[in-house]
Amino acid sequence: MHRRRRTALVLSAALAAAAPLLTACGSDAHPGAAAVVGGQRITVSQLENRVTEVRDAQRAAVTDETQYKQAIAKTGTLTRDVLHGMVLDRVLHRAAADAGVSVTRKEVQELRSGLEEQAGGTKGLETTWLQQYGIAPERLDENLGLQLEAQKLAGKLGTDTSNPAFWNALSKASKQLDVDLNPRYGTWDVTKSTRVDAKTPWVREVSAAGSEKSA
């Protein structure tokens, strides 16, 4: 794939705006939970650890205090965006499993190698994912695996990620998992598999050269 353009799906920080269709969970029903997905809790502590990973990476990426503050300002909704990603990861996994789709470590490494070549190396790719998508370096392989999973799921359905058939599969998985969000982080739209108070689509088409277009 070193000389070919490869399309990857990237989880962006913001998500499609939508009206809430699920009942949000409260702290009384799920103490310490940021969300409950398929009966399994995503704890506030787990969420905070993920956010800390991103903030630490942002801090390490810039030495200038002004630049760091600018990075923080650009990701002011990071906590809710990270939670959305954590929930959607599980929804996507369920939809992929239902369709018999899986991703191998080799496929992830092949995708990463091609993207690194276009980004000028490992550091360049990690910096791009951190700055544009809020993905910490230690989560990069995990994220690329999810992009491939989404791609392969769409292919199995004979469609692409912009088509209603793909989102219908995610909607079905959301219903099966009974996604339940702590109201402090918003609510979950089961039809669009989206946290409600975001603004742009979570999926973007990105070429290995780094150009992007909305999915």
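How each quantity is defined
- Position numbers for residues count from 1 along each chain, tracking the sequence in the order it is written.
- Under the rules for a predicted model, residues below a pLDDT of 70 receive no local features and side-chain atom pairs below 80 are neither given nor counted, while totals for whole chains, interfaces and linings still include all residues.
- Heavy atoms from the whole structure form the basis of all side-chain values; hydrogens and water molecules are not counted.
- Angles run from 0 to 180 degrees between N-to-C directions of axes, and those axes are lines fitted to C-alpha atoms, restricted for helices to the stretch in contact.
- Secondary structure elements follow DSSP: runs of H or I no shorter than four residues count as helices, runs of E no shorter than two count as strands, and numbering proceeds from the N terminus.
- The labels follow the angle: roughly parallel below 35 degrees, roughly antiparallel above 145, roughly perpendicular from 65 to 115, and oblique for the rest.
- Whether two residues are in contact is decided by their heavy atoms, any of which lying within 4.5 Å being enough.
- In summary, the pairing rule links any two rings of Phe, Tyr or Trp, Trp by its six-membered ring, whose centres are within 6.5 Å, and it sorts them by plane angle into stacked for under 30 degrees, edge-to-face for over 60 and tilted for everything else.
- The rule is simple: take the accessible area with a 1.4 Å probe, protein chains only, and divide by the maximum for that residue type; under 20% is buried, over 50% is exposed, in between is partly exposed.

### Quick notes on the packing of helix α3 (residues 78–98) against helix α7 (residues 164–177)
Point 1. Closest axis-to-axis distance for the α3/α7 pair is 8 Å, and the angle between their directions is 110°. Here α3 lies roughly perpendicular to α7, going by the angle between them. Every residue of α7 that contacts α3 at R90, V91, L92, R94, A95 and D98 is listed here: A169, L170, A173, S174, Q176 and L177.

### Describing the packing of aromatic side chains
Point 1. With the rule as written, the count across this model stands at two aromatic pairs.
Point 2. The interplanar angle of 75° and the centroid separation of 5.2 Å between the aromatic rings of W129 and Y133 together place this pair among those described as edge-to-face. Pair noted here: W129 and Y133 are both in helix α5 (residues 122–133), with a separation of four residues, about one helical turn. Y133 shares its class with W129; the two are buried.
Point 3. Ring centres of F166 and W167 lie 5.5 Å apart, and the angle between their planes is 90°; on these two criteria the pair is classed as edge-to-face. W167 shares its class with F166; the two are buried.

### Examining the environment of G85
Point 1. Here G85 lies in helix α3.
Point 2. Given a relative accessible area of 18%, G85 falls into the buried group.
Point 3. Along the sequence, G85 and N143 sit 58 residues apart, while their C-alpha atoms lie 9.6 Å from each other.

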